[in-house]
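Summary of structural features
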Amino acid sequence: MIDDIKIIPMDESHIKDLALLEKQCFSVPWSESALMAELEKENSRFFVAITKNEVSGYIGANNVLGEVYINNIAVFYNYRGFGIGEALLRHLTDVSKEENCDLVTLEVRVSNTPARKLYEKSGFKEVGVRKNFYDQPNEDGIIYTKYLKDIQGEA
């Protein structure tokens, strides 16, 4: 674990680093313009991890009527294994609880074992499969969801 992880809202100054991170982590990365567009959306929830005064990772989600859909979560290779992904998920979950959301959900490649272990460790449950969800390569997406409330309205 790294002690000095700061989680802050994404702003324009982070876009170039995040676009580079996208290229490092994803076969179909988001562009600078796609990331920039999220700054204008009222329902976007994008946060950046700052470690040792540099961008170490980020998480991006959209709040749609109290359901939070994680678009991306990524950590630079040299910062993996230090709890940054966990800190980003915890921060987004805390913000979602403050906003009285019902759940946080995402899809992940079936082959992405490290990410799946992170989500399970963070309290997400496997709830379904999206067949052929991913391209390059073609692969199923596993749906993980963390419910923030039970039937009576409290988690």
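This write-up is about the structure you can find in this document. None of the values given here were measured: they were computed from a predicted structure.

Before going further, it helps to spend a moment on the environment of N72. Mapping N72 onto the fold places it in strand 4 (residues 67–75). As a C-alpha pair, N72 and L148 span 76 residues in sequence and 20 Å in three-dimensional space. With sequence-adjacent residues up to four places away left out, N72 is seen in contact with E22, F26, W30, Y58, I59 and G60. Engagement of the side chain of N72 in a polar contact is seen with the side chain of E22, the distance being 2.9 Å. A distance of 3.3 Å separates the side chain of N72 from the side chain of Y58, its partner in a polar contact.

By size, the foremost hydrophobic cluster in this structure holds 40 residues, and its most contacted members are I70 and Y119. When residues of this core are traced back to their parent elements, those giving at least two are helix 1 (15–25), strand 2 (44–51), strand 3 (54–64), strand 4, helix 3 (84–98), strand 5 (103–109), helix 4 (113–121) and strand 7 (139–147). Per element, the largest residue contribution to this core is six residues, and it comes from helix 3. With residues near it in sequence (within four places) discarded, I70 still touches I59, G60, A61, L89, L92, V104, T105, L106 and F124.

Time to look at the layout of surface pockets. A volume near 1000 Å³ is recorded for the largest pocket. Taken together, 33 residues form the lining of the largest pocket, with F26, I73, N112, A115 and Y119 sitting closest to its centre. When contributions to the lining of the largest pocket are tallied by element, the ones reaching two or more residues are helix 1, strand 4, helix 3, strand 5, helix 4 and strand 6 (125–134). With six residues, the single largest contributor to the lining of the largest pocket is strand 4.

The sheet built from seven strands is open, its strands ordered 1-2-3-4-5-7-6 with mixed pairing. With partners counted over all chains shown, the strands left at the sheet margins are strand 1 (6–9) and strand 6, one partner each. Strand-to-strand twist across the sheet, computed as the mean angle between neighbouring axes with direction ignored, equals 25°. Pairing of strand 4 with strand 5 involves three bridges; the strand directions are parallel.

The rules behind each value
Residues numbered from 1 in each chain as written. Predicted model: local features only at pLDDT ≥ 70, side-chain atom pairs only at ≥ 80, totals over all residues. Heavy atoms only, no water. Helix = DSSP H or I, 4+ residues; strand = E, 2+ residues; numbered from the N terminus. Contact = heavy atoms within 4.5 Å. Polar contact = N/O pair within 3.5 Å; in protein donor to acceptor, adjacent residues only side chain to side chain. Core = buried A, V, L, I, M, F, W, Y, C linked by side-chain atoms within 4.5 Å. Buried < 20%, exposed > 50% of the residue type's maximum accessible area, 1.4 Å probe, protein only. 1 Å grid on protein atoms, 1.4 Å probe; cavity = no way out; pocket = protein on both sides within 12 Å on 5 of 7 lines; lining within 4 Å. Points joined across faces, edges and corners; volume = space filled by probe spheres on them. Pairing = 2+ DSSP bridges. Axes fitted to C-alpha atoms, helices over the stretch in contact; angles between N-to-C directions.

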